[in-house]
Amino acid sequence: MAENEAKPALNFIEQIIEADRKTGKHDGRVATRFPPEPNGYLHIGHAKSICLNFGLAQKYGGVCHLRFDDTNPIKEEQEYIDSIKTDVRWLGFDWGRHEYYASDYFEQLHAWAVQLIQAGKAYVCDLTAEQTREHRGTLTKPGKDSPYRTRSVEENLDLFARMRQGEFPDGSRTLRAKIDMASPNLNLRDPVLYRILHASHHRTGDAWCIYPMYDFAHGQSDSVERITHSICTLEFENHRPLYDWFVRELGIFAPRQIEFARLNLTYTVMSKRKLLNLVQARHVRGWDDPRMPTISGLRRRGYTPEAIREFCRRVGVAKFDGVNDIALLEHCLREDLNKRAPRVMGVLRPLRLIIDNYPVDQTEELTAINNPEDASAGTRAVPFSRMLYIEQDDFREDPPRKFFRLAPGREVRLRYAYFVTCTDVIKDGNGEIIEIHCTYDPATRGGDAPDGRKVKGTIHWVSAAHARRVEVRLYDHLFTVPNPDDVENGKDFTSNLNPNSLEKLTESFVEPSLAGAAPGSRYQFERHGYFCVDPDSTVDAPVFNRTVSLRDSWAKIEKGQEAKPNQGETTL
RNA sequence: UGGGGAAUAGUGUAAUGGUAGCACGACUGACUCUGGAUCAGUUAGUCAAGGUUCGAAUCCUUGUUCCCCAGCCA
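Anyway, here's the lowdown on the structure attached to this text. Predicted model, so just to flag it, every value in this text is computed and none were measured.

1. Some thoughts on the overall build of chain A
So, step 1. Across its full length, chain A carries 13 helices and 25 strands.
So, step 2. Summarising its shape, the C-alpha atoms of chain A cover approximately 100 × 65 × 50 Å along the three principal directions.
So, step 3. Sequence separation of at least 24 residues holds for 70% of the intrachain contacts in chain A that already meet a minimum separation of 6.
So, step 4. Accessible area of chain A: about 27,400 Å², with a carbon and sulfur share of 47%.
So, step 5. In chain A, 78 side chains carry a positive charge and 83 a negative one; their mean positions are 3 Å apart.

See the structure below:
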């Protein structure tokens, strides 16, 4: 047995669960839940919570419920419910029959409110929102009791019933818990339980005109579902005493709330409010813009669920409120895509290359490996002819130090094809290079020289006559700085938006094997990065998103050379 | 200046009184028909000061810094 192998480290929540199982709490049962409010799209931060909650249930043979926390009809919509379900499934999790809605419990919640009134623990308050705020006190000063705090049980019962009947306008009354207006925890200063909202709910329609607050709904919903471990983020830590108070006063099943640090990522924002702002202000195309940290954006960008899950596993779970490097997410993505993405050749910024000694009308098919990481992926034929496109970046008329690619007089390998030597450079009237000429060595067919000579560089290409013209969208970080919220006074996070986060290339060419590639399919464009077919694609006008670039050590060298330019060169 | 939390390499996370480890990043080098991948190596840390102890990241004391809370949002 592997009894003495080092156990993988447990995070603090797993430690709590294992301790509970050891003492036989809940008979060792584990039930968690993922409780989104359907008021926006899910993002990578939610993915952390989803992986945590569903992962714990899987690990300990328990269940994880999907519960929509839909207690505020003003902000919530069916569209969001649909997108959330799609995203959770896409991430690879299954809640089975355990799909619930806080709104399913409205009747029970109402009965519990009545129970609290009867016990003298809740009262109807006629203070306006502003007066309520004034009575609440401040962080350092205790609050004052509401003048309605001492109403009789009978009057409270009557008023609450009439609130439900719709006798009173929005905001005119609330139901409040009677706890302690002097508590240092503001959540315990007679929190509002119900507010009047004559709004139609996306599920209950017009059945209700009073709606429970989060605090009154969440814990009790957990209790109804017999959730054992109710995992939420740090900002709810202050709410735990209230969570426990309801459970205790009502005498119902008591789940345990545990708080962990939400995910933060460099070079992006994560709050729903800011994401919504980006969408509404049209800084991005929509919730699923490939630059967004939303699940739908990442999906469209070409991320895999596996990569996201692995990322969530690696960031860990703790109570430290820190920031994760987006480079880790990208690492997990490359790691996954490297194993599974078929390789193809695509030229993003084309430069014509003509092989002068290659027969004018000849075309031949060369064999290319589909995935060097996966022998079972096989090979494919790539057409080759006299006129090719190569990458503009792969040619320099005046090559810098350590540049291994094509330059006048230099010989390089065309991937899977031949060695070619540059013999001439053609420019237009403006001095722009428009075409280069080469000779090829027929003996190097396939890419190996029988005489054993080596070349420093191998570049990719497409045959001009056979290539498909496509649009390519290159993405960069949405923000130019690691922490977009770090702004000067008077500015907001949008001042850190990266103006170059999207670059569209409309003059790119890919090898013909890509014709008809389905939206969502992923490829590695050799030497560039991973790309996927965008849903905007049509048969005649394919669109590729760059999911993530390959690591580029030449770019680093070049950047280093820029940092310390050659002496003798002057800049005007 | 009330209350609740948190501090371990650049970043994230382990070590639960007994050798401070892992991952990402950065930097070397090897290899290579992708300047990819892979492999090898280097770099770098216990917030501070006291105390307890044979021994402290861990326990105690004091301090520092950061996060959260004054919605009829969640």
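Having seen the model, we can carry on.
2. What to know about the environment of Ile117
So, step 1. The residue Ile117 is located in helix α4 (residues 106-118) in this model.
So, step 2. Beyond its immediate stretch of four places on either side in the chain, Ile117 contacts Ala122, Val153, Asn156, Leu157, Phe160 and Leu175.

3. Quick word on the packing of α4 against helix α7 (residues 214-224)
So, step 1. α7 packs onto α4 with a crossing angle of 110 degrees between their chain directions and a minimal axis gap of 11 Å. Comparing their axes, α7 and α4 come out roughly perpendicular. Between α4 and α7 lies a crossing whose hand is right-handed. Across the interface between the two elements, Leu109, Trp112, Ala113 and Leu116 of α4 pack against Phe216, Ala217, Gln220 and Val224 of α7.
So, step 2. Its residues assigned to classes, the contact of α4 with α7 shows 7 nonpolar, 1 polar and no charged.

4. Side note on empty space enclosed by the protein
So, step 1. Applying the stated criterion to the full structure yields 3 cavities of 30 Å³ or more.
So, step 2. Considering the residues around the largest cavity, the lining is formed by 16 residues, among which Arg291, Met292, Leu298, Arg301 and Ile326 are closest to the centre.
So, step 3. Contributions of two or more residues to the lining of the largest cavity are made by α10 (295-301) and α12 (326-340).
So, step 4. For the lining of the largest cavity, the element with the most residues is α12, which contributes 3 residues.
So, step 5. A per-class count over the lining of the largest cavity returns 10 nonpolar, 2 polar and 4 charged.

5. Here's the deal with the packing of α7 against helix α8 (residues 240-250)
So, step 1. Direction vectors running N to C along α7 and α8 enclose 65 degrees, while the axes themselves pass 9 Å from each other. In terms of crossing hand, the pair formed by α7 and α8 is right-handed. Two secondary-structure elements touch here, α7 through Asp215, Phe216, His218, Gly219, Gln220 and Asp222 and α8 through Leu242, Tyr243, Phe246 and Leu250.
So, step 2. Within the contact of α7 with α8, the residues separate by chemical class into 5 nonpolar, 3 polar and 2 charged.

6. Some words on the pairing of strand β13 (residues 363-369)
So, step 1. Of the two faces of β13, only the one carrying Glu364, Leu366 and Ala368 is buried; Thr363, Glu365, Thr367 and Ile369 on the other face are not.
So, step 2. Bridge count for β13 against strand β14 (residues 379-385) is 7 bridges, and the pairing is antiparallel. Bridge pairing links Glu365 to Pro383 in β14.

7. Quick word on the nonpolar core
So, step 1. By size, the foremost hydrophobic cluster in this structure holds 39 residues, and its most contacted members are Ile44, Ile50, Phe54, Val88, Leu91, Ile308 and Phe311.
So, step 2. For this core, the elements supplying multiple residues, two or more each, are α2 (44-59), β2 (63-68), α3 (78-90), α10, α11 (305-315) and α12.
So, step 3. If we ignore the near neighbours within four places in the chain, the residues touching Ile44 are Leu263, Leu265, Met270, Pro293, Ile295, Leu298, Ile308 and Phe311.
So, step 4. Counting 32 residues, the second-largest nonpolar core is a separate cluster that includes Tyr100, Ile196, Leu197 and Tyr211.

8. Here's the deal with the packing of aromatic side chains
So, step 1. Per the counting criterion, the structure on display carries 21 aromatic pairs.
So, step 2. Aromatic side chains Phe106 and Tyr211 sit 5.8 Å apart centroid to centroid with 75 degrees between the ring planes, which places their arrangement in the edge-to-face category. One end of the pair, Phe106, is in helix α4; the other, Tyr211, is in strand β7 (residues 210-212), with 105 residues separating them in the sequence.
So, step 3. For Phe106, a relative accessible area of 2% puts it in the buried group.
So, step 4. Ring centres of Tyr358 and Phe384 lie 5.4 Å apart, and the angle between their planes is 75 degrees; this geometry places the pair in the edge-to-face category. With Tyr358 in the loop between β12 (350-355) and β13 and Phe384 in strand β14, this pair connects stretches of sequence that are 26 residues apart. Take Tyr358 and Phe384: they sit in the same class, and that class is buried.
So, step 5. Grouping aromatic residues by their ring pairs yields a cluster made of Phe160, Tyr194, Phe216, Trp245 and Phe246.
So, step 6. For Arg173, the ring lying beneath its charged end belongs to Phe168, and the centroid distance is 4.1 Å.

Calculation notes
Residues numbered from 1 in each chain as written. Chains lettered and ligands numbered in written order. Predicted model: local features only at pLDDT ≥ 70, side-chain atom pairs only at ≥ 80, totals over all residues. Heavy atoms only, no water. Helix = DSSP H or I, 4+ residues; strand = E, 2+ residues; numbered from the N terminus. Contact = heavy atoms within 4.5 Å. Areas by Shrake-Rupley, 256 points an atom, 1.4 Å probe, with all protein chains shown as cover. Lys, Arg positive; Asp, Glu negative; His and termini not counted. Charge placed at Lys NZ, Arg CZ, Asp CG, Glu CD. Axes fitted to C-alpha atoms, helices over the stretch in contact; angles between N-to-C directions. Parallel < 35°, antiparallel > 145°, perpendicular 65-115°, else oblique. Left-handed = near helix turned anticlockwise from the far one by under 90°. Nonpolar A, V, L, I, M, F, W, Y, C, P; charged D, E, K, R; others polar. 1 Å grid on protein atoms, 1.4 Å probe; cavity = no way out; pocket = protein on both sides within 12 Å on 5 of 7 lines; lining within 4 Å. Points joined across faces, edges and corners; volume = space filled by probe spheres on them. Buried < 20%, exposed > 50% of the residue type's maximum accessible area, 1.4 Å probe, protein only. Pairing = 2+ DSSP bridges. Core = buried A, V, L, I, M, F, W, Y, C linked by side-chain atoms within 4.5 Å. Phe/Tyr/Trp six-rings, centres within 6.5 Å; stacked < 30°, edge-to-face > 60°. Lys NZ or Arg CZ within 6 Å of the ring centre and 35° of its normal.

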